[in-house]
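# Structural overview
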Amino acid sequence: MKKIFKLFAILIFNLSLAFAMKQVNVGVVLPMTGPISAFGQQTWEGIKLAHQIEPTVKINGETYKINLILMDNRGDKAESANAASRLITQNNVKVILGAVASSNSIAMSTVAEKNKTPMISPSSTNPLVTKGKKYVFRVCFIDPFQGYVAAKFARNNLHAKTAVIIMDIAQDYSVGLAKSFKKAFEKMGGRVIRILPYKSGQTDFKGILTVIKYLHPDVIYVPGYYREVALIARQARQLGIKAKILSGDGAEAPELVKIGGKAVEGLYFTTHFDEKSISTKLGKEFVKKYHETYHKELNSLAALGADAYFVAVDSIKRANSLDKEKIRDAIANTKNFPGVTGNITIDKNGNAVKPAVVKKVENGEFKYVTTINP
Ligand code: PHE
């Protein structure tokens, strides 16, 4: 009887706490459905877990419950801008986390900037996301660096002298990365023989690949998203093209292997993070919880999603206020925040400077190859 009473008392206490506790709304915009939904799903897993670890924030001695409001942008630019707009005007969010695809984040960033609402992208790497914007930040590196890393790896590790780039002209991410790779690869003495365009959603790459077979490059650089990268790899192998395939962070999704099968074996890609390089206390706690919850290795998207959340909460704490201007200043002043992916410092352009890792598909899994520092 006593036990039941105690349980009941705890329940009432928790309920009253939930009702009495003040709330702060944080918006999240991710591609939960559509062609790049694997990015949204993985990122959301990370953000949800980070929220479980730190569900509240203290402001002026008072505890606020953090209320995450998730909006699906379906991987679309206009949907991203609309979602940001709604979160700001209807939900009064203090920070927006998202999106993943750079083109989506660029569309959102204009809305965030106009409404003076801080936005943190976990994983959008195109420079234009933050460029010239006061309220827009990210917790990952940018593509001039990622392209340089790919070029360096192609030259030094794959010993490639020639490259062909297959570029998704519908994605700012792909166009930017193609440009950065070309610049770095040629500076290192390599030669980009040709840049061949495609568009997100395309499924037949035989035309492009026939040209590539004839050009016979040492490496094919494909800075695209997993679906198209997997299809390109499949069709390339079907045509008997043996060149090494190198991709970027956009390849990192289990779907790359599901769609690509044997054809993506040996494919290399540059990305943000590997479990083995976890150095912080928060990282260790997070990866343990992640394994217990999802029973799989921690991927870049989930880790970066968590870091966007943790940096947002830490900034609200340091701002000690719900004033968006003060939160914005606190984010901009983030220095050596010990996040899941490492120590995060936001530079004067709103970006984080971090190392990149190279991974390789081996037996259907993503194997760590090397780390390249900025
Ligand atoms: N960097 C990609 C972009 O800007 C998004 C991405 C990040 C995808 C990490 C997968 C993993 O569009």
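Residues numbered from 1 in each chain as written. Predicted model: local features only at pLDDT ≥ 70, side-chain atom pairs only at ≥ 80, totals over all residues. Heavy atoms only, no water.

Tallied over the full model, the rule gives 12 salt bridges. Among the ionic pairs, Arg74 bridges to Glu79, the shortest N-O distance being 3.2 Å. Beyond isolated ion pairs, a larger network of salt bridges with shared partners links Asp274, Lys276 and Lys359. (Salt bridge = Lys/Arg side-chain N within 4 Å of Asp/Glu carboxyl O.)

We now examine the domain arrangement of the protein chain. The assigned domain composition of the protein chain is domain 1 (2–141 + 277–355) and domain 2 (144–271). Here domain 1 and domain 2 have C-alpha centroids that lie 31 Å from each other. Both sides of the domain 1 and domain 2 interface together cover about 1,400 Å² of buried area, and 56% of this is carbon and sulfur. At the junction of domain 1 and domain 2, the tally comes to 0 salt bridges. At the boundary of domain 1 with domain 2, the tally comes to 7 residue pairs in polar contact (both at pLDDT 80 or more). Every element with two or more residues in the side of domain 1 that touches domain 2 is listed here: helix H2 (37–53), helix H4 (102–114) and helix H11 (300–319). Ranked by residues supplied to the side of domain 1 that touches domain 2, first place goes to H2 with 4 residues. Here the side of domain 1 that touches domain 2 is composed, by residue class, of 10 nonpolar, 9 polar and 1 charged. (Domains from an automatic or database assignment. Buried area = accessible area lost by both parts, 1.4 Å probe. Polar contact = N/O pair within 3.5 Å; in protein donor to acceptor, adjacent residues only side chain to side chain. Helix = DSSP H or I, 4+ residues; strand = E, 2+ residues; numbered from the N terminus. Nonpolar A, V, L, I, M, F, W, Y, C, P; charged D, E, K, R; others polar.)

Once that is clear, we can look at the site of the ligand. Around the ligand lies a shell of 13 residues, among which Ser102, Ser123, Thr125, Tyr225 and Asp249 are the nearest. Between Asp249 and the ligand, the recorded distance is 2.7 Å, taken from a side-chain N or O atom to a nitrogen atom. Relative to its free-state accessible area of 330 Å², the ligand is covered by the protein chains to the extent of 100%. Taken together, the residues that form the shell around the ligand break down as 6 nonpolar, 6 polar and 1 charged. Two domains each put at least three residues into the shell around the ligand: domain 1 (2–141 + 277–355) and domain 2 (144–271). (Near = heavy atom within 4 Å. Areas by Shrake-Rupley, 256 points an atom, 1.4 Å probe, with all protein chains shown as cover.)

We now examine the sheet that holds strand S11 (residues 268–271). Read across the sheet, 7 strands follow the order S8-S7-S9-S10-S11-S14-S15 without closing on themselves; strand pairing throughout is mixed. With one partner strand each, in any of the chains shown, strand S8 (191–198) and strand S15 (365–372) form the two edges of the open sheet. Pairs of neighbouring strands in the sheet enclose a mean axial angle of 25°, with direction left out of account. Both strand S7 (residues 162–168) and S8 contribute to a ladder of 7 bridges, which runs parallel. By the bridge assignment, Asp168 is partnered in S8 with Tyr198. Of the strands in this sheet, S7, S8, strand S9 (219–222) and strand S10 (244–247) are in contact with helix H6 (residues 172–187), which crosses S7 at around 165°. (Pairing = 2+ DSSP bridges. Axes fitted to C-alpha atoms, helices over the stretch in contact; angles between N-to-C directions. Contact = heavy atoms within 4.5 Å.)

The next point concerns the sheet that holds strand S2 (residues 56–59). Here we have 6 strands laid out as an open sheet, ordered S2-S3-S1-S4-S5-S6, and mixed in their pairing. Each edge of the sheet is formed by a strand with only one pairing partner; in this case those strands are S2 and strand S6 (136–138). Geometrically, the sheet is characterised by an average inter-axis angle of 30° between neighbouring strands, direction not taken into account. Examined bridge by bridge, S2 and strand S3 (residues 62–72) share 4 bridges and lie antiparallel to one another.

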